[in-house]
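Residue-level structure breakdown
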Amino acid sequence: MSEHERELAEAQREHWQQTYGEHPGMYGGEPSEPAAHAAEVFRAAGACEVLELGAGHGRDALFFARSGFTVLATDFSPVGLEQLRAAAHAQGVSRRVTTQVQDVRQPLPLPDASVDAVFAHMLLCMALSTKEIHALVAEVRRVLRPGGAFVYTVRHTGDAHYRAGTGHGDDIWEHGGFAVHFFPRALVDDLAEGWILREVHAFEEGGLPRRLWRVTQTVPR
């Protein structure tokens, strides 16, 4: 990691800590559309254990827990995970939810082939380099069991904020304090090499709106 990448990563960590602290439950309590889709995919695959990367304050992790899955929710913001644990207790699903502070630039703290499904809503398009994204997806592949499903969403190069704000190189642009790695379609295809790519679904979210892809891929059995 270069000095600039290290500084950007630390600045983003501090920004998210502050944002969660100032706006508890900022995304509300309802699950995202991708999480609702992922729950159907995971259930159809017979999954029991779900790893969520970038869980934030937990609206999707809690939805998975209420849906009957056992969830390991990770995020690099302790503040967000504190809110997640409090909400899990309030909703009576604490026994189904475990949290762990995790920077996805580091190896995942799980054994090989140890989880049934992985979910990541707008985590791969954070301020991660293309090299770091490839390393993360390789880690996801490592911890998934054969037949395991990975559902992730990313903002793409058709988004209105692409090339807006401060450019950091490698298709990473910072706007309003949030740095985003906007995905070209070729990167989605590269990340699916060695997987079974089930779907690349285009959708919009939020008021801008943000333009995203929802990607579903599985480990061959």
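Whatever comes next refers back to the structure up there.
Residues numbered from 1 in each chain as written. Predicted model: local features only at pLDDT ≥ 70, side-chain atom pairs only at ≥ 80, totals over all residues. Heavy atoms only, no water.

Judged by nonpolar contacts, the single largest core of 37 residues is most densely connected at L53, L124, V140, F150, Y152 and F183. If you list the elements that add at least two residues to this core, you get β1 (49-53), β4 (115-121), α5 (130-143), β5 (144-155), α6 (185-191) and β10 (210-218). The element contributing the most residues to this core is α5, with five residues. Judged by nonpolar contacts, the second largest core, of 25 residues, contains A47, F63, A88 and A117. (Core = buried A, V, L, I, M, F, W, Y, C linked by side-chain atoms within 4.5 Å. Buried < 20%, exposed > 50% of the residue type's maximum accessible area, 1.4 Å probe, protein only. Helix = DSSP H or I, 4+ residues; strand = E, 2+ residues; numbered from the N terminus.)

So, about helix α3 (residues 59-66). One full turn of an α-helix is made of 3.6 residues, so residues set three or four places apart face in the same direction. Most of α3 sits out of view: seven of its eight residues are buried. Taken together, the buried positions of α3 are R59, D60, A61, L62, F63, F64 and A65. A positive phi of about 105 degrees marks G68, the residue just after α3.

As a further point, take the pairing of β4. Among the seven residues in β4, seven count as buried, and that is most of the element. As paired elements, β1 and β4 share three bridges and run parallel to each other. Note on β4: the bridge partner recorded for V50 is A117. Two elements, β4 and β5, share six bridges in a ladder whose sense is parallel. Its bridge partner lying in β5, F119 is registered against V151. Following the chain from β4 across α5 to the adjacent parallel β5, one finds a crossover that is right-handed. (Pairing = 2+ DSSP bridges. Right-handed = clockwise from strand over helix to strand, strands pointing away.)

Summarising the element assignment, D60 is placed in helix α3. One buried charged residue, D60, remains without a salt bridge, the closest side chain of opposite sign being R59 at 4.2 Å. Ignoring sequence-local partners within four residues, the contact set of D60 consists of P31, S32, A35, E52, F119 and H121. (Lys, Arg positive; Asp, Glu negative; His and termini not counted. Salt bridge = Lys/Arg side-chain N within 4 Å of Asp/Glu carboxyl O. Contact = heavy atoms within 4.5 Å.)

This brings us to the sheet that holds β10. If you trace the seven strands from one edge of the open sheet to the other, you get β3-β2-β1-β4-β5-β10-β9, paired in mixed fashion. The two strands at the open ends of the sheet, each matched to only one other strand, are β3 (97-101) and β9 (196-205). Geometrically, the sheet is characterised by an average inter-axis angle of 15 degrees between neighbouring strands, direction not taken into account. (Axes fitted to C-alpha atoms, helices over the stretch in contact; angles between N-to-C directions.)

This part takes up the sheet that holds strand β7 (residues 172-175). If you walk across this open sheet you meet the three strands as β6-β7-β8, and the pairing is antiparallel. Edge strands, defined here as strands with exactly one partner in the open sheet, are β6 (166-169) and β8 (178-181). Pairs of neighbouring strands in the sheet enclose a mean axial angle of 25 degrees, with direction left out of account. Relative to β7, β6 runs antiparallel, the two being bridged by three bridges. From the neighbouring strand, G169 faces β7, where its bridge partner is I172.

Along the chain, L208 connects to P209 via a cis peptide bond; the corresponding omega equals -5 degrees. Turning to its location among the elements, P209 is positioned in the loop between β9 and β10. The phi angle at M122 is positive, at roughly 60 degrees, despite the residue not being glycine. For M122, the location among the structural elements is in the loop between β4 and α5. Note on M122: relative accessible area 13%, which makes it buried. One non-glycine residue with positive phi stands out, namely R163, at about 70 degrees. Residue placement: R163 occurs in the loop between β5 and β6.

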